[in-house]
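Residue-level structural notes
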Amino acid sequence: MKYDFRKIEQKWQAYWAKNQTFKAISPNSSPEKGRPGPKYYVLDMFPYPSGAGLHVGHPLGYIASDIYARYKRHKGFNVLHPMGYDSFGLPAEQYAIQTGQHPAITTETNIKKYREQLDKLGFSFDWSREVRTSDPKYYKWTQWIFIQLFNSWYNKTSNKAEDISDLVSIFEKEGNTGVLAACDEDVPQFSASDWKSYSPKKKQEILLQYRLTYLADTEVNWCPALGTVLANDEIVNGVSERGGHPVIRKKMTQWSMRITAYAQRLLDGLAKIDWPQPLKDAQANWIGRSEGAEVEFRIQNSEFRIPVFTTRPDTIFGVSFMTLAPEHELVTQITTPEQKEEVQAYIAATAKRSERDRMADVKTITGAFTGAYAEHPFTKDSIPIWIGDYVLAGYGTGAVMSVPCGDQRDYDFATHFSIPIPNIFEGIDISETAFADKEKTIITNSDFLDGLGYSSAVQKVIQELEKIGAGKGKVNYRLRDAVFSRQRYWGEPFPVYYDVDGIPQMLDEKFLPLKLPEVDKYLPTETGEPPLGNAKEWHWLQYGVEGKVVSEVEFNNSSPEGKQGGALELNTMPGWAGSSQYFNRYMDPGNTEAIFSQEAVNYWQDVDLYIGGSEHATGHLLYSRFWQKFMFDRGWVPKDEYAKKLINQGMITGTSAFVYRLLISSSGGRDFGKNEVGENLDNVCVSYNFYEEFKSLYKNYSWNEDFEIPLRREGFRNDTVNLPIENGLIQKIRSNLFELTSQNTEELTFGLKSFIAVHSDVSFVNASDELDIEAFKEWRPEYKDAIFILEDGSVYDEDSPLEGGESGVYKVGREVEKMSKSKYNVVNPDAICEEYGADSLRLYEMFLGPLEQSKPWNTAGISGVHSFLKKLWKLYHSGPNGEFHASDSPLEGGKGGVPEETNSPSLGGGRGEAFKTLHKTIKKVEEDIANFSFNTSVSTFMICVNELSAQKCTNREILEPLAILVSPYAPHIAEELWEKLGHAESVAYAPFPAFEEKYLVESSKEYPISFNGKMRFTLELPLDMGKDEIEKTVLAHERTQQQLQGRTPKKVIVVPGKIVNIVG
RNA sequence: GCUCGAGUGGUGGAAUUGGUAGACACGUUGGACUUAAAAUCCAAUGGCCAUUGUGGCCGUGCGGGUUCAAGUCCCGCCUCGAGUACCA
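Residues numbered from 1 in each chain as written. Chains lettered and ligands numbered in written order. Predicted model: local features only at pLDDT ≥ 70, side-chain atom pairs only at ≥ 80, totals over all residues. Heavy atoms only, no water.

Bringing the overall build of chain A into the picture now. Helix and strand content of chain A: 32 helices and 35 strands. Every one of the 1064 residues in chain A was classed for burial, and the buried ones make up 53%. Residue pairs in contact within chain A that sit at least 24 positions apart in sequence constitute 71% of those at least 6 positions apart. Element-wise, carbon and sulfur atoms account for 49% of the exposed surface of chain A, whose accessible area totals about 47800 Å². (Helix = DSSP H or I, 4+ residues; strand = E, 2+ residues; numbered from the N terminus. Buried < 20%, exposed > 50% of the residue type's maximum accessible area, 1.4 Å probe, protein only. Contact = heavy atoms within 4.5 Å. Areas by Shrake-Rupley, 256 points an atom, 1.4 Å probe, with all protein chains shown as cover.)

Given below as structure tokens:
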């Protein structure tokens, strides 16, 4: 009987859907559903449903998690394995701007397509728990969390987030003098009576500075092309991650998230989660903790004090100047009249430079002297104050104490502007002090620090600074608060309005969700408001009359006065808002009363296994940890880290195909580039072989150095090279070309400019890299008249092939690149499923290599796993006419597990051996799953089936457990075989076969016998043979004597059960 | 520059705590079956040398080292990939 994977897969996918086979059992479900085992939560990062659909790279992580989830079900766990969509986002909005189609419609269409594709792969998702971030029923709770953050402050004394009302009562009792909070640093101190005297507006303004989400004028990354602000992690190399548009810095009033309050806990939490080290490193790096001191410098002839942060307070006696960021707020106030012009010019110049320019030339040293002087806290010396753009406004205090002998940048700056460079390091030349290992230096010329090493000097100087009130030890973080406002349409609206005083107020919870309004166009308004400003009548109509009494404030967004009072927040939330708690919502996705019930969250607790891409290291994966800690502090979730283990699946790269277009120069006295009727002959495509040959031929030409670069970038160079006639291949091409152009070959010089490598769609190329030229020409009409030079140098001509042209083929070049539509190397999983089936695709994606590694896709290789499945099928269909057959009579040999019996030839047919094969496989597969080494378990299955086939095993005692073993990997075929074995229920919950050591017990071992560490032959010896006896037997062996050739071995190493090594 | 990965046949990749390098596949070559193709099956397949067989030498990016024994451990380099970037 044929392995009809199409029919089988369809059948079981329908079965699973109909029977809700993978529905997780809720903690409160009725007892007849059976006693759930321990919970296990397997999570995938939910996808953004893009219009392009899935390519074979996308399901890799889903397949791995699905295998794990299915394995855990076999092991008796109550598995939660949900899926959903991160469906707010830019592409749908960009599409709406271009076409006017509502993003909700685009999103719906894309989700449908995704779902169809996912369903074909046989995943065991519990679809009854699907969430979509753009669904109001879902984003209601995103808005709810926002309100909770607004209503919370961070108490540094208890080290957690607390309700803002607690803070109000503290203020009423004792003011803010005793409060240690994570908040804006410049909140002035006030007493309880001060507080009581404040107006409601003032109180609100003060509280806003304490809230975990707050409004602030922040310098933001503004992307003019996208019309929105971007978070730091949404910028790559100074341009926007999406679209690659330039980004400038701009001050705007924005909502911010006080993630910095959690900096230390986010760092500490990394220690207790099993996440990949590179990812932890990336987060630790992003948080960027550094220890040092804050030192205050008095400005001479003024009241100002400028604090600086330094990690090297021990070098304080090496300070010879001070540098402020050009944007530093005190710059204009301290600059002397004489320096004013220069300083202003410098500030103007730096402001003009974009972030990108600044990054592009790090080496150019620029700066200006302010004319002002600071006073050294110990020596009281005058220290000139400079500004320079190497000091960043956003880090530390935006000012540094410059120690040219200790820091290369300070050194370069000092050298450039001829500022003195005092040396405070003993015995090191001033040109090398900046590179010196700090642990090995001794401080000198430094008053009370003389003779101290690095760490004791740091301690000492902090003590002294504290004594004179000029500084203190301090920990600084690179992490910035996260800007939370986006000037977009397709995102969660803020549940916020502004009262008549312009103070932000939260909507009452009962009015949630605040739904996105309809707009005519998705662009900013004419007055520069975000797209939501286009909404003529907003939400209060949705609530009818009732909406009008929200906190007794009427708001009317369309009135020009709207800004002054009653206006709704027009920004929307960023992409990461919806993904920061979705994993908890899956626990109770239908709940309309709460984000999730306490019963559900206490049952499911946290994610046991989370699989997704490493690109979210400093975005989603950091923000979601932040929100989880917040939710934990407020008592809504039981764990402050939501994912115990995380695995980053590697990328599946595509194998692009290239056609090499040869550019021919018209040198040589004649118009070679044209044929006799004047057609341009520049369009010549050469095969990979020629291109390679050309490359190697001209390897030594000086212009060849960057040959590869213009080639890949589709550029070309103007150099002309004369091809040597003596080269056979080239000569053949020449003659063929000239035949075509009817020109005299003798008189012409054949010149080249260069190549352009052109992507061909991989679907036009077969497994042997041969191009379907006609299909290619049809696909890219500009190549309709192109001349294709084949592998053998002949010219392709579909009408009248020249000699040799008929047999010749055009081979493309291959290169591994990211799988992407623009590179025409995308392989669609639907096509693979159609041709080989989902089980083959699942096995093959796992078989490609280790899960976490990036690896190239090659469709040709899938035949290996596909024929494995056919062999597996055949193993169960060993009847005379290939019908299903599984023998019911028990195997004798293995039952007792007695080794002699097992290996006894008298049992015949390898019946005992079958148990050995099976249990070997069980053992290895369980180990592999535990290590997430899915590629090796696919190999193990192949070995198993190969062995059982050779043994002609037909026994149910073997075939039944084998079907379960395979089921996590290839669930459809496993279900079919399981059914044929006579089971009425799905294989999904069948207990995983138990490994029994007794079947693997061996009585002897093939010992490798090595001489000086090199294996020479093997010798079968009983395993219970002692060390001495082994040595004796081996030495007595004829092959040993042959190897030794009469010499006496110096030493014999015997490791029983392992190896024998003879040293001679 | 800094941080983290990774370098093994023609290709993807195997190799528990150092113990028979190249499992399992793809590809290639040869063969069987077939009118033919597909499918299937069998054999060979790291390189070099020898061959009548048994065999020998070299091989895990490079150079050292530790060890009876190194892909695996240590030291020093090289190359590629990812992240990050004037972070004081």
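Once the structure has been displayed, the description carries forward.
With five bridges connecting them, strand 22 (residues 607-612) and strand 23 (residues 643-648) associate as parallel partners. Looking at strand 23, one finds that Ile611 is bridged to Ile647. Taken together, strand 22, helix 18 (residues 620-633) and strand 23 form a β-α-β motif whose crossover is right-handed. (Pairing = 2+ DSSP bridges. Right-handed = clockwise from strand over helix to strand, strands pointing away.)

As summarised here, the arrangement of the four strands in space is 2-1-22-23, forming an open sheet in which the pairing is parallel. Looking at strand neighbours, the two that pair on one side only are strand 2 (78-80) and strand 23, the edges of this open sheet. Mean inter-strand twist for the sheet, computed between neighbouring axes without regard to direction, equals 20°. (Axes fitted to C-alpha atoms, helices over the stretch in contact; angles between N-to-C directions.)

Attention shifts here to helix 3 (residues 90-99). Among all positions in helix 3, only Leu90, Ala92, Glu93 and Ala96 are buried. Across the axial projection of helix 3, the buried residues extend over an arc of 165°, all falling on one side. The inward-facing, buried residues of helix 3 abut helix 4 (103-119). Trailing helix 3 by a residue or two, Gly100 shows a phi angle of about 80°, which is positive. (Arc of directions from axis to C-beta.)

Among the structural elements, Ser580 can be located in the loop between strand 21 (567-568) and helix 16 (582-585). Put simply, Ser580 and Pro224 are 356 residues apart on the chain and 27 Å apart in space, counted from C-alpha to C-alpha. Engagement of the side chain of Ser580 in a polar contact is seen with the backbone oxygen of Trp576, the distance being 2.7 Å. (Polar contact = N/O pair within 3.5 Å; in protein donor to acceptor, adjacent residues only side chain to side chain.)

Every one of the 52 residues lining RNA strand B counts as a neighbour, but Thr311, Tyr395, Arg409, Arg478 and Leu848 are closest to it. Counted by atom, the contact set of RNA strand B within 4 Å of the protein is 63% sugar and phosphate. Lys1058 places a polar side-chain atom, nitrogen or oxygen, 3.3 Å from a base oxygen of RNA strand B. In the model, a base oxygen of RNA strand B is placed 2.8 Å from a nitrogen or oxygen of the Asn1061 side chain. (Near = heavy atom within 4 Å.)

Once that is clear, we can look at the pairing of strand 3 (residues 152-155). The side chains of a regular strand alternate, residue by residue, between the two faces of the sheet. On strand 3, burial covers both faces: Ser152 and Tyr154 on one face and Trp153 and Asn155 on the other are all buried. Examined bridge by bridge, strand 3 and strand 4 (residues 160-163) share four bridges and lie antiparallel to one another. Within the sheet, the bridge partner assigned to Asn155 lies in strand 4 and is Lys160. Connecting strand 3 to the next strand, strand 4, in antiparallel fashion are four residues, including Asn159 with a positive phi near 60°.

Right, let's talk about the packing of helix 3 against helix 4 for a bit. With their axes 8 Å apart at the nearest point, helix 3 and helix 4 run at an angle of 125° to one another. Classified by the angle their axes make, helix 3 and helix 4 are oblique. Note that helix 3 runs across helix 4; the crossing there is right-handed. Each of Ala92, Glu93, Tyr95 and Ala96 in helix 3 lies in contact with helix 4, whose residues at this interface are Pro103, Thr106 and Thr107. For the contact of helix 3 with helix 4, the per-class residue count stands at four nonpolar, two polar and one charged. (Parallel < 35°, antiparallel > 145°, perpendicular 65-115°, else oblique. Left-handed = near helix turned anticlockwise from the far one by under 90°. Nonpolar A, V, L, I, M, F, W, Y, C, P; charged D, E, K, R; others polar.)

So, on to the environment of Leu609. By the secondary structure assignment, Leu609 is in strand 22. Each C-alpha atom of the pair Leu609 and Ala643 lies 6.7 Å from the other, and the pair is 34 residues apart in sequence. In this structure, Leu609 is in contact with Tyr40, Tyr41, Val42, Leu43, Tyr68, Lys645, Ile647 and Phe932, ignoring residues within four places of it in sequence.

Let's shift gears to the environment of Glu338. Inspection of the secondary structure assignment puts Glu338 in the loop between helix 11 (331-334) and helix 12 (340-352). On the basis of relative accessibility, which here comes to 63%, the residue Glu338 falls in the exposed class. Sequence separation between Glu338 and Gly371 is 33 residues; the distance between their C-alpha atoms is 7.4 Å.

Turning our attention to the nonpolar core. Core analysis: the biggest nonpolar cluster contains 160 residues, and Trp255, Phe484, Tyr610 and Phe934 have the highest contact counts within it. Not counting residues within four places of it along the chain, the set of residues in contact with Tyr610 comprises Leu43, Asp44, Met45, Tyr582, His620, Leu621, Tyr642, Ala643, Lys645, Leu646 and Ile647. Within the second largest apolar cluster, 38 residues are counted, among which are Val308, Ile424, Phe425 and Ile462. (Core = buried A, V, L, I, M, F, W, Y, C linked by side-chain atoms within 4.5 Å.)

Two strands in a sheet stick together by hydrogen bonds in their backbones, pointing the same way (parallel) or opposite ways (antiparallel). Taken in spatial order, the three strands make up an open sheet running 20-19-21, and their pairing is antiparallel. Only two strands of the sheet have a single neighbouring strand rather than two, namely strand 20 (504-506) and strand 21. Examined bridge by bridge, strand 19 (residues 496-498) and strand 20 share three bridges and lie antiparallel to one another. Within strand 20, the position partnered with Val496 by the bridge is Met506.

Further remarks concern the pattern of salt bridges. Taken as a whole, this structure holds 42 salt bridges when the rule is applied. Salt bridges here are not isolated pairs; linked through shared partners, they connect Lys39, Asp606, Asp608, Lys639 and Lys644. (Salt bridge = Lys/Arg side-chain N within 4 Å of Asp/Glu carboxyl O.)

Attention now goes to the packing of aromatic side chains. Under the counting rule described, the total for this entry stands at 68 aromatic pairs. Measuring from ring centre to ring centre gives 6.0 Å for Trp255 and Phe494, while their planes differ by 20°; the resulting arrangement is stacked. Residue Trp255 is located in strand 10 (residues 248-257), and its partner Phe494 is located in the loop between strand 18 (482-483) and strand 19; the two are separated by 239 residues in the primary sequence. Take Trp255: its relative accessible area is 0%, and that puts it in the buried class. The buried category is assigned to Phe494, whose relative accessible area is 0%. Within the aromatic cluster, the residues linked to one another by ring pairs are Tyr40, Tyr68, Tyr71, Phe77, Phe932, Phe934, Phe941, Tyr969 and Phe992. (Phe/Tyr/Trp six-rings, centres within 6.5 Å; stacked < 30°, edge-to-face > 60°.)

With omega at 0°, the peptide bond leading from Leu512 into Pro513 counts as cis. Among the secondary structure elements, Pro513 is positioned in the loop between strand 20 and strand 21. Backbone geometry at Gln605 places phi at a positive 65°, although glycine is not the residue there. Notably, Lys952 is not glycine yet its phi reads approximately 55°, a positive angle.

A separate point is helix 24 (residues 838-847). For helix 24, a buried count of nine out of 10 residues is recorded, marking the element as mostly surrounded by other parts of the structure. Looking only at helix 24, the buried set comprises Ala838, Asp839, Ser840, Leu841, Arg842, Leu843, Tyr844, Glu845 and Met846.

Turning next to the side chain of Ser937. Position of Ser937 among the secondary structure elements: in helix 28 (residues 934-950). Ser937 has contacts with Val925, Asp928 and Tyr969, leaving out every residue within four places of it along the chain.

Attention shifts here to a nonpolar patch on the surface. On the surface, Ile1053, Val1055 and Ile1059 cluster together into a nonpolar patch covering about 190 Å² of accessible area. By secondary structure assignment, the location of Ile1059 is in strand 35 (residues 1059-1063). (Patch = residues over 30% accessible without salt bridge, like charges linked within 9 Å, V, L, I, M, F, W, Y side chains within 5 Å.)

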